[in-house]
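Observations on the model geometry
The primary structure of each chain is shown beneath.
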Amino acid sequence: MFSKTEALFQCDHVQYTLVPVSGWQELETAFLEHKEQFRYFILINCGANVDLLDILQPDEEAVFFVCDTHRPVNVVNVYSDTQIRLLIKQDDDLEVPAYEDIFRDEEEDEEHSGNEGDEGSEPSEKRTRLEEEIAAQTLKRRQRREWEARRRDVLFDYEQYEYHGTSAAMVMFDLAWLMSKDLSDMLWWAIVGLTDQWVQDKITQVKYVTDVGVLQRHVSRHSHRREDEAHALSVDCARISFEYDLRLALYQHWSLHDSLCNTCYTAARFKLWSLHGQKRLQEFLADVGLPLKQVKQKFQSMDVSLKENLREMIEESANKFGMKDMRVQTFSVHFGFKHKFLASDVVFATMSLMESPEHGSGTDSFTQALDSLSRGNLDKLYHGLELAKRQLRATQQTIASCLCTNLVVSQGPFLYCALMEGTPDVALFSKPASLSLLSRHLLKSFVCSTKNRRCKLLPLVMAAPLSAEQGTVTMVGIPPETDSSDRKNFFGRAFEKAAEGTNSRALHNHFDLSVIELKAEDRSKFLDALVTLLS
């Protein structure tokens, strides 16, 4: 996404400053540091779901271009016609309330008509006029209260759920296409942006398939264009292809066995945390006809004869084992003749680079992840793949531990799970994206393992240690795992109300409202309030 914006600026030789921010506090600080130097500010994947003018207090000359996938868009941003410019696809239905339902011009109080020039009027006429004025003012106050009550209801319905719109990377690619500056690299970044939304369950399957269709047409157009160009066989050219590939994480850069064991989809359905699940995996591999020796070595080293029809063989056996969605529509890229990556490979790699504990600061991590998207830095992408493998292994080991020790408990209206300080690899899950992905995978696995029908329909709240020194935890809320799920999350507003109602020391600093930082000693009263609120 940021790579695409940089590329557009470089095409037109536009000078710019890139400032990574991880939350609202950093955004405010960055704006204060740069507001004297610049008039135009582009906010990518942040800023749409809050009143920006209220938070940043900019001068009247400042203009903000906001390309953000977070929904709902704050109504002030929608109806601001001067300083806020939203970059949103026209077919994205924002469901914004009508202007007159949420904004009302302040009416000046009418002056009382009891003036001295009316001294000749009869007392009875003055009394009648005064009564009429009082009645009119009472009616206006009642109408005002009724309008405010309706406004609260309208805003509550509009702001109740948090969800995601079209990927910001796709929006920026559309902009580049309209400007006839849509390079193959930009198309690939748009594909990675969409795949990131799918991997992190931010959009519905219907939305994903629809957007894949849009990008597939662009891939076809670029392929035809490349056939006519001299660099078609260039050693370092990027060749993008539509794929109907296996739903297995990193399998082309791993062993097939490791990928099956550490992909959420297969691990949850086989129930690999149990001995019975391990046995079912062996039965599955036998049904596919893959020798264990071949499956446990690197995919690239497997016999070519086995790899030829591997996708079809695995899909056929997966259907027998109840896994109907073993293959998924996606894209791959070839850099030259040697390097091939699926879009999900790049998503896992960049996500791991972004939240890796090995980098000193958030800015360093962001820079590493951004660099890995460039075909000239494939060594960083491969390093990200190794980090991603470690993250996926830790995720499945943590899920197995949580399920085997019954750490997932019902609180009534939601499920709750807390990772304790000292848990293996707990440091990998202190960052919001990693903890959110763990929570989603844990909920999917729990739904597959529990026999309690009611619990299958419940959302999940998960907590992980953030800072032992400050005594804080990161807490995330995940919507229920159902086939009909619209991916809308109600925990953002619920967290705010629970924290306010109990005076809990909470920090709502993340762009995703369903992620908060909380003092560990306030967790008990916060959860009690959340239970009461959602019951």
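As the structure is a computational prediction, the values presented were derived from the model and not from experiment. (Residues numbered from 1 in each chain as written. Predicted model: local features only at pLDDT ≥ 70, side-chain atom pairs only at ≥ 80, totals over all residues. Heavy atoms only, no water.)

Let us look at the sheet that holds strand β1 (residues 40–44). Taken together, the three strands give an open sheet; going across it, the order is β1-β2-β4, and neighbouring strands pair in parallel fashion. The outermost strands of the open sheet, each flanked by one partner alone, are β1 and β4 (84–86). In this sheet, adjacent strand axes meet at a mean angle of 20° when their direction is disregarded. In terms of strand pairing, strand β2 (residues 63–67) meets β4 through three bridges, oriented parallel. Across the sheet, V66 pairs through a bridge with L86, a residue of β4. (Pairing = 2+ DSSP bridges. Helix = DSSP H or I, 4+ residues; strand = E, 2+ residues; numbered from the N terminus. Axes fitted to C-alpha atoms, helices over the stretch in contact; angles between N-to-C directions.)

We now examine a nonpolar patch on the surface. On the surface, a cluster of nonpolar side chains totalling about 400 Å² of accessible area is made up of L175, W177, L178 and M179. Structurally, M179 is set in the loop between α7 (168–178) and α8 (184–199). (Patch = residues over 30% accessible without salt bridge, like charges linked within 9 Å, V, L, I, M, F, W, Y side chains within 5 Å. Areas by Shrake-Rupley, 256 points an atom, 1.4 Å probe, with all protein chains shown as cover. Salt bridge = Lys/Arg side-chain N within 4 Å of Asp/Glu carboxyl O.)

Moving on to the pattern of salt bridges. Applying the stated criterion across every chain, the model contains 22 salt bridges. Note that E386 is salt-bridged to K389, the shortest N-O span being 3.0 Å. With E386 and K389 both in helix α18 (residues 378–404), this residue pair falls three residues apart, about one helical turn. With its nearest N and O atoms 2.9 Å apart, the salt bridge here joins D522 to R505. Remark: R505 occurs in the loop between α20 (491–502) and β13 (506–507) and D522 occurs in the loop between β14 (515–519) and α21 (523–534); sequence separation between them is 17 residues. Each of the salt bridges in this network shares a partner with another, and the network as a whole consists of R71, D92, K207 and D211.

Before going further, it helps to examine the packing of aromatic side chains. Tallying each qualifying case throughout the model produces 21 aromatic pairs. Each ring, one from Y161 and one from F490, has its centre 6.5 Å from the other, and the planes form 80°; the classification is edge-to-face. Taken together, the positions of Y161 in the loop between α6 (123–159) and β5 (163–164) and F490 in the loop between β12 (472–478) and α20 put the pair 329 residues apart, joining distant regions of the chain. Note on F490: relative accessible area 23%, which makes it partly exposed. Three or more aromatic residues link up through ring pairs in this structure, and these residues are Y161, F414, F490, F491, F495 and F526. Its guanidinium or amino end placed over the ring of Y265, R247 lies 4.4 Å from that ring's centre, counting from NZ or CZ. The positively charged end of K307 is found above the aromatic ring belonging to F299, 5.0 Å away from the centroid. (Phe/Tyr/Trp six-rings, centres within 6.5 Å; stacked < 30°, edge-to-face > 60°. Buried < 20%, exposed > 50% of the residue type's maximum accessible area, 1.4 Å probe, protein only. Lys NZ or Arg CZ within 6 Å of the ring centre and 35° of its normal.)

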